[in-house]
Amino acid sequence: MNEPTPISKILVRCLHLLVLGLLGLTAGRALGAGQPHPAWTVAAVGLVGLAYAAGPAIPAVGRSRRAAAWWLTVLWLVWLLLLALSADGVWVAFPMYFLQLHLLPRRLAPAAVTVTAAAAIVAFAAHQGAFTPAAAIGPLLGGGVAMAVVWGYQALYRESEERRRLIEQLTATRADLAEAQHTAGMLAERERLAREIHDTLAQGLTSIQLLLRAAERALPDRPEAATAHVGQARQAAVDNLAEARRFVAALAPPALEDEDATLAGALERLCATTSARHPLTVRFHHTGEAVALPTAYEVALLRIAQSALANTVQHAHAGTAEVTLSYLGEHVAVDVVDDGAGFDPDGLPAADASGGFGLPAMRARAQALGGTLGIESAPGRGTALAARIPLAPPAPDTEARP
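So, a few notes on the structure that sits alongside this text. (Residues numbered from 1 in each chain as written. Predicted model: local features only at pLDDT ≥ 70, side-chain atom pairs only at ≥ 80, totals over all residues. Heavy atoms only, no water.)

Description of the overall build of the protein chain
So, point 1. Helices and strands together make up the secondary structure of the protein chain, namely eleven helices and five strands.
So, point 2. Buried positions account for 38% of the 402 residues belonging to the protein chain.
So, point 3. Within the protein chain, residue pairs in contact and separated by at least 24 positions form 68% of the contacts whose partners lie at least 6 positions apart.
So, point 4. Here the protein chain has roughly 22,700 Å² of accessible surface; of this, 63% comes from carbon and sulfur atoms. (Helix = DSSP H or I, 4+ residues; strand = E, 2+ residues; numbered from the N terminus. Buried < 20%, exposed > 50% of the residue type's maximum accessible area, 1.4 Å probe, protein only. Contact = heavy atoms within 4.5 Å. Areas by Shrake-Rupley, 256 points an atom, 1.4 Å probe, with all protein chains shown as cover.)

Structure, rendered in structure tokens:
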């Protein structure tokens, strides 16, 4: 049995009122119209009323079709008694149709309605003393209307339930999608912070460590050199603090923050700073006619150059390095070449041995903008790294700076 809805509860109350009204009409006509056996008719009306009232009072009738069938059988039998005593009992057949169609299985309900209509037709004809087409039209029409109403309501109910299930599924799907988007956003932000930490704080802390180590070696024989190294380490700490504040807020790097700043200027300062802080000579070259780039492009290329030079300082043991910014018509590229120890690119793990991001992070930055990252190196023959990004129309969130 389906759980009753507010509309079905209203329909049930209407059915109760209909049965009560029809039984009252039958009893009233029996007492006032001079019909035979009025007392027996009123008693039969009472029996039908009691049998009908017993159905809603028995919980099993609403839960079990078998119990509902037994109740309908008893109600049908006492209704036959009323029908035998009074022709007015034929009108009670109409609410009987609704009860049978609602409580009996779909394959049995039409048969029950047909039997009830036949009993009403036969009884009415017997009371009239003759069979006429009019005697059959009322019960048959009532049965047809009842089946149309009940089956139509059941079809609407099933459709409503299907829509409710679809809405619940849609709501659950939207909740799952929102959770997935939230998780994806968290992972993307975590990846962004990890790349920024690797390209800024981790490299800055490495520079500070190397500078302090150099200052330690210079003491006590060369106090002036030690002081210079400590000053550079202090400046590196200040720069790192500024970088940290900006990447946490998802702002551009300090080197690109000013309106007049350019990618070429930022790369040139990066080369000068690296040369000043480490035993490595870094030269900057600029080729091609400069064009305005989206901020995302400038940040990606600057970070790639920072990461590449940090790898050169930490691992290459190089004496010189060359950083070249090239505008190639449909592409912009940054090349970082050193004369260091080199390595086998095919032998690299997916991530740095220290758990950092290094080359995978550089490649991810380039690929996020539709670009590529190429590496050429061999043991003892230095390293050449090339990041190339196509110059496409800027997306809404990567507008070019004036």
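Don't stop here, the text continues.
Focus on the pairing of strand 2 (residues 320-327)
So, point 1. With six of its eight residues buried, strand 2 lies for the most part within the structure.
So, point 2. Pairing geometry for strand 1 (residues 281-287) and strand 2, over seven bridges, is parallel. The residue bridging Arg283 from the neighbouring strand is Glu322, located in strand 2.
So, point 3. Crossover strand 1 to strand 2 through helix 10 (residues 295-316) is left-handed.
So, point 4. As paired strands, strand 2 and strand 3 (residues 331-338) are joined by seven bridges and run antiparallel to one another. (Pairing = 2+ DSSP bridges. Right-handed = clockwise from strand over helix to strand, strands pointing away.)

Focus on the environment of Thr324
So, point 1. Looking at where Thr324 falls in the secondary structure, it is placed in strand 2.
So, point 2. Discounting chain neighbours no more than four positions away, the residues touching Thr324 are His285, Thr287, Ala333, Val334 and Asp335.

Points about the pattern of salt bridges
So, point 1. Enumeration over the complete set of coordinates arrives at six salt bridges.
So, point 2. In this structure, Glu159 engages Arg163 in a salt bridge whose closest nitrogen and oxygen atoms are separated by 2.9 Å. Here Arg163 and Glu159 lie together in helix 7 (residues 133-218), a separation of four residues that amounts to about one turn.
So, point 3. Judged by relative accessible area, Glu159 falls into the partly exposed class, the value being 39%.
So, point 4. For Glu168, the salt bridge identified is with Arg164, shortest N-O distance 2.7 Å. Highlighted residues: Glu168 and Arg164, both in helix 7, separated by four residues, approximately one helical turn.
So, point 5. Linked through salt bridges whose partners overlap, the residues forming this network are Glu161, Arg164 and Glu168. (Salt bridge = Lys/Arg side-chain N within 4 Å of Asp/Glu carboxyl O.)

Section: helix 4 (residues 65-85)
So, point 1. Under the 1.5 Å per step criterion, the end-to-end length of helix 4 is 30 Å for 21 residues, consistent within 8% with the ideal 30 Å.
So, point 2. Looking at helix 4, one finds that the buried residues are Ala68, Trp71, Leu72, Leu75, Val78, Trp79, Leu82 and Leu83. Buried residues of helix 4, viewed axially, fall in a sector of 155°; they line one side. Opposite the packed face of helix 4, turned more than 90 degrees from it, sit the exposed residues Arg66, Trp70 and Ala84.
So, point 3. In this fold, the buried residues of helix 4 make contact with helix 1 (6-32), helix 2 (38-57), helix 3 (59-63), helix 5 (93-103) and helix 6 (109-128).
So, point 4. If you check the start of helix 4, you find a side-chain oxygen 3.2 Å away from the backbone N of Arg66, and it comes from Ser64. (Expected span 1.5 Å × (residues − 1). Arc of directions from axis to C-beta. Polar contact = N/O pair within 3.5 Å; in protein donor to acceptor, adjacent residues only side chain to side chain.)

A few points about the packing of aromatic side chains
So, point 1. Scanning the model with the defined rule gives two aromatic pairs in all.
So, point 2. Ring plane angle 45° and centroid distance 6.2 Å describe the contact between Tyr52 and Trp71, whose orientation is recorded as tilted. Of the two residues, Tyr52 sits in helix 2 while Trp71 sits in helix 4, which places them 19 residues apart along the sequence.
So, point 3. Take Trp71: its relative accessible area is 9%, and that puts it in the buried class.
So, point 4. Between the aromatic rings of Phe94 and Phe98, the centroid separation amounts to 5.0 Å while the plane-to-plane angle is 85°, which identifies the pairing as edge-to-face. Highlighted residues: Phe94 and Phe98, both in helix 5, separated by four residues, approximately one helical turn.
So, point 5. Residue classification places Phe94 among the partly exposed positions, given a relative accessible area of 29%.
So, point 6. Above the plane of the ring of Trp151 lies Arg106, whose end atom (NZ or CZ) is 4.7 Å from the centre. (Phe/Tyr/Trp six-rings, centres within 6.5 Å; stacked < 30°, edge-to-face > 60°. Lys NZ or Arg CZ within 6 Å of the ring centre and 35° of its normal.)

Let's talk about the side chain of Gln100
So, point 1. Within the secondary structure, Gln100 sits in helix 5.
So, point 2. Not counting the four nearest positions on each side in its chain, Gln100 is found in contact with Leu72, Trp76, Ala109, Ala112, Val113 and Thr116.

Section: the sheet that holds strand 4 (residues 372-377)
So, point 1. Strand order across the open sheet formed by five strands is 1-2-3-5-4, with mixed pairing between neighbours. Bordering the open sheet on either side are strand 1 and strand 4, each of which pairs with just one other strand. Across the sheet, the mean angle separating the axes of adjacent strands is 10° when strand polarity is ignored.
So, point 2. Of the strands in this sheet, strand 1, strand 2 and strand 3 touch helix 9 (residues 263-277), which is tilted by about 165° from strand 1.
So, point 3. The sheet contacts of helix 11 (residues 358-368) involve strand 4 and strand 5 (383-390), and relative to strand 4 the element is tilted by about 145°. (Axes fitted to C-alpha atoms, helices over the stretch in contact; angles between N-to-C directions.)

A short note on empty space enclosed by the protein
So, point 1. Tallied over the entire structure, the rule returns one cavity of 30 Å³ or more.
So, point 2. Here the largest cavity is characterised by a volume of approximately 40 Å³.
So, point 3. Elements with a contribution of two residues or more to the lining of the largest cavity: helix 2 and helix 5.
So, point 4. Per element, the largest residue contribution to the lining of the largest cavity is three residues, and it comes from helix 5.
So, point 5. Grouping the constituent residues of the lining of the largest cavity by class yields eight nonpolar, no polar and no charged. (1 Å grid on protein atoms, 1.4 Å probe; cavity = no way out; pocket = protein on both sides within 12 Å on 5 of 7 lines; lining within 4 Å. Points joined across faces, edges and corners; volume = space filled by probe spheres on them. Nonpolar A, V, L, I, M, F, W, Y, C, P; charged D, E, K, R; others polar.)

Looking at the side chain of Thr383
So, point 1. Relative to the helices and strands, Thr383 is located in strand 5.
So, point 2. In terms of polar contacts, Thr383 uses its side chain to reach the side chain of Ser377, at 3.0 Å.
So, point 3. Those residues in contact with Thr383 that sit more than four places away from it in its chain are Val336, Val337, Asp338, Gly342, Phe343, Ile375, Glu376 and Ser377.

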